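Residue-level listing of the chains:
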Amino acid sequence: MGDEVDGHEVNRTRASVLARRIASLTGVLVLTSAGFAHAGDDPVDAGQCQVIKFCVGVGVGDESGGSDGQAGGSSGGSNDSDLKCGYTKIEPKPPAEHPAWEGKDPAKYDMYFYSCWDETAGEQRPDLDGFVVVPEGQPPAPQVDPQVLAQRAVDSMTLLGPDIASPRPTGKYTVGVPMWMWVNQSATTYGPNTASASAGGITVTATAKVSKVVWSMGDGTSVTCNGPGTPYTSSKGMAQSPTCGHVYSETSAGAQSAKFPVTATSTWTINWQGGGQAGQLIEIRQTNVEAAVGEVQVVR
């Protein structure tokens with residue numbers, strides 16, 4: 001459990017693990033009595049070390065609204081861990097030949113160690129460790145949340161609704177005759193679409209691709225297609241689409257404008273990684289079209 005140091009709760013187990021981690025990487029023994037500060041705390045002097053500006057990592061189920069004027073929105077992928085991350089000043093400074101200095105003069109620069117503690121698992125996250133070298137007396141910049149960068153990368157993409165090839169707004173369709181639905185594929189309407197965003201020395205790369213298209217047919221039914229659909233050719237005759245199709249059982253005569261309002265809703269699944277983390281985001285986009293459906297006229 002935590003003790004009290006200068007009014008701040010200190011987790012001795014966490015501090016001990018961090019001390020051993022830093023010592024193994026730098027050969028410098030620090031944090032013999034230091035603690036972990038929480039987000040928003042002022043700098044805490046603790047023995048040989050100062051712990052500053054700890055930030056809380058990715059939350060659970062964050063959501064944000066849509067963008068670029070498109071219907072729908074986005075939702076953050078879940079993260080089962082509660083990370084407490086921050087910078088620890090390394091004192092005494094490691095030797096000048098230590099690779100973490102990257103050639104900088106220890107007399108003019110300070111070295112900090114960035115680390116994260118997983119509150120849920122109760123363990124250190126060495127995959128997020130890193131050294132930061134800054135001019136002497138200058139605090140390190142706040143660490144950037146990788147998921148924030150992931151969303152920034154997504155926002156820089158152009159993700160549009162489905163580019164509907166069929167049904168066509170000028171097409172004439174018939175009751176009882178299979179309709180084949182499909183969409184044209186491009187980076188902006190189907191994917192894959194890749195973008196990156198960087199800040200605070202972290203780069204996150206996100207790749208988006210449509211995972212499904214749900215068609216609302218205007219007659220009270222919907223069709224879910226897990227691919228772009230199959231283009232129709234005259235050689236298929238009256239066959240049904242093998243991947244994405246619908247058969248109307250009534251005409252659109254009673255619908256507004258005598259056409260069924262058809263809506264194709266695409267789900268963009270975005271996988272991202274960077275900053276020692278990975279996750280998934282979802283974006284929703286829609287496109288509308290109208291379909292005129294009539295009956296076969298029998299000539300006597």
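Note that the structure is predicted; figures quoted are calculated from it, not measured.

Calculation rules
Residues numbered from 1 in each chain as written. Predicted model: local features only at pLDDT ≥ 70, side-chain atom pairs only at ≥ 80, totals over all residues. Heavy atoms only, no water. Helix = DSSP H or I, 4+ residues; strand = E, 2+ residues; numbered from the N terminus. Buried < 20%, exposed > 50% of the residue type's maximum accessible area, 1.4 Å probe, protein only. Contact = heavy atoms within 4.5 Å. Areas by Shrake-Rupley, 256 points an atom, 1.4 Å probe, with all protein chains shown as cover. Salt bridge = Lys/Arg side-chain N within 4 Å of Asp/Glu carboxyl O. Pairing = 2+ DSSP bridges. pLDDT = per-residue confidence, 0-100. Phe/Tyr/Trp six-rings, centres within 6.5 Å; stacked < 30°, edge-to-face > 60°. Lys NZ or Arg CZ within 6 Å of the ring centre and 35° of its normal. Core = buried A, V, L, I, M, F, W, Y, C linked by side-chain atoms within 4.5 Å. 1 Å grid on protein atoms, 1.4 Å probe; cavity = no way out; pocket = protein on both sides within 12 Å on 5 of 7 lines; lining within 4 Å. Points joined across faces, edges and corners; volume = space filled by probe spheres on them. Polar contact = N/O pair within 3.5 Å; in protein donor to acceptor, adjacent residues only side chain to side chain.

Chemist: Help me understand the overall build of the protein, please; the structure alone is not making it clear to me.
Modeler: On a plain count of helices and strands, the protein comes out with two helices and 20 strands. Looking at the protein as a whole, 42% of its 300 residues are labelled buried. Counting only contacts in the protein whose residues sit at least 6 apart along the sequence, the fraction spanning at least 24 positions is 65%. Accessible surface, the protein as shown: approximately 15100 Å² in total, 49% of it carbon and sulfur.

Chemist: Sorry if this is basic, but what is going on with the pattern of salt bridges here?
Modeler: As a working rule, side chains carrying opposite charge can pair if their charged atoms are close by. Evaluated as defined, the whole model comprises five salt bridges. We note a salt bridge from Lys93 to Glu136, for which the minimum N-O separation is 3.4 Å. Taken together, the positions of Lys93 in the loop between β7 (83–89) and β8 (109–118) and Glu136 in the loop between β10 (130–135) and α2 (146–156) put the pair 43 residues apart, joining distant regions of the chain. Owing to a relative accessible area of 29%, Lys93 belongs among the partly exposed residues under this scheme. Using a relative accessible area of 49% as the deciding quantity, one classes Glu136 as partly exposed. Sharing partners across several salt bridges, the network here consists of Lys89, Glu91, Lys93, Asp110 and Glu136.

Chemist: I'm lost on unusual backbone geometry in this one. Help?
Modeler: Comment: phi is negative for the bulk of residues other than glycine, and the bulk of peptide bonds are trans. Cis geometry is adopted by the peptide bond preceding Pro92, which originates at Glu91 and carries an omega value of 0°. Among the secondary structure elements, Pro92 is positioned in the loop between β7 and β8. Omega for the bond connecting Ser166 with Pro167 falls within 30 degrees of zero, at 10°, which places this linkage in the cis form. The residue Pro167 is located in the loop between β11 (163–166) and β12 (172–174) in this model.

Chemist: How do you make sense of the pairing of strand β15 (residues 193–199) when you look at a structure like this?
Modeler: Side-chain positions along a regular strand alternate between the two faces of the sheet. Here β15 shows one buried face, formed by Asn193, Ala195, Ala197 and Ala199, and one open face, formed by Thr194, Ser196 and Ser198. Hairpin geometry of β15 and strand β16 (residues 202–216) is characterised by an intervening segment of two residues between the two adjacent antiparallel strands and by a positive phi of about 60° at Gly200.

Chemist: Any chance you could explain the confidence of the model for the protein here in plain terms?
Modeler: Interpretation of the predicted coordinates at a detailed level should be avoided for regions scoring low in pLDDT. Residues of the protein with pLDDT of at least 70 account for 70%, and the chain-wide mean is 77. In the predicted structure, residues 1–12 sits below a pLDDT of 50 and forms 21 contacts with residues beyond four places in sequence or in another chain. Segment residues 28–81: pLDDT under 50, and 143 contacts once partners within four positions in sequence are set aside and those in other chains are kept.

Chemist: Looking at this model, I keep getting lost on the packing of aromatic side chains. Mind explaining?
Modeler: What describes a pair of aromatic rings is the distance from one ring centre to the other and the angle between the planes of the rings. Per the counting criterion, the structure on display carries four aromatic pairs. When the ring centre of Tyr109 is taken as origin, the NZ or CZ atom of Lys104, which lies over that ring, is 6.0 Å away.

Chemist: How should I be thinking about the nonpolar core in this particular structure?
Modeler: Among soluble globular proteins, nonpolar side chains are generally buried collectively. Counting residues in hydrophobic clusters, the biggest one holds 38 residues, and the most contacted among them are Trp215, Met217 and Tyr248. Among the secondary structure elements, those contributing two or more residues to this core are α2, β15, β16, β17 (222–225), β19 (260–274) and β20 (277–294). Per element, the largest residue contribution to this core is seven residues, and it comes from β16. Once you skip the residues sitting within four places of it in the chain, Met217 turns out to touch Met179, Met181, Val223, His246, Tyr248, Phe260, Pro261 and Val262.

Chemist: What's the story with the layout of surface pockets in this structure? I'm lost.
Modeler: Empty pockets left among the atoms are what a rolling probe the size of a water molecule brings to light. Its boundaries defined by the atoms lining it, the second largest pocket holds a volume of some 270 Å³. Taken together, 15 residues make up the lining of the second largest pocket; nearest its centre are Tyr173, Pro178, Met179, Trp180 and Tyr232. Sorting the residues of the lining of the second largest pocket by element identifies β11, β12 and β13 (179–180) as the ones contributing at least two each. Ranked by residue count, the leading element in the lining of the second largest pocket is β12, at three residues.

Chemist: Help me understand the environment of Pro106, please; the structure alone is not making it clear to me.
Modeler: Mapped onto the elements, Pro106 comes out in the loop between β7 and β8. Given the relative accessible area of 16%, Pro106 is considered buried. Considering only alpha carbons, one finds Pro106 and Ala96, 10 residues apart in sequence, at a separation of 6.0 Å. The contact partners of Pro106, leaving out residues within four places of it in the chain, are Lys93, Ala96 and Trp101.

Chemist: Explain the side chain of Thr265 here, please?
Modeler: The topology assignment puts Thr265 in strand β19. Exposure remark for Thr265: the relative accessible area of 18% places this residue in the buried category. Engagement of the side chain of Thr265 in a polar contact is seen with the side chain of Gln286, the distance being 3.2 Å. For Thr265, the contacting residues outside a window of four places in its chain are Lys212, Val213, Val214, Ile284, Arg285 and Gln286.

Chemist: How do you make sense of the pairing of β19 when you look at a structure like this?
Modeler: Most of β19 is tucked away, with 12 of its 15 residues classed as buried. Where β16 and β19 come together, 11 bridges link them in antiparallel fashion. Its bridge partner being in β19, Val214 is matched across the sheet by Thr265. The pairing of β19 with β20 spans 15 bridges and is antiparallel. Opposite Thr269, over in β20, you have Ile282 as the bridge partner. Taking the residues that link successive antiparallel strands as the turn, the β19-β20 hairpin has two residues, and the phi of Gly275 there is positive, at about 65°.

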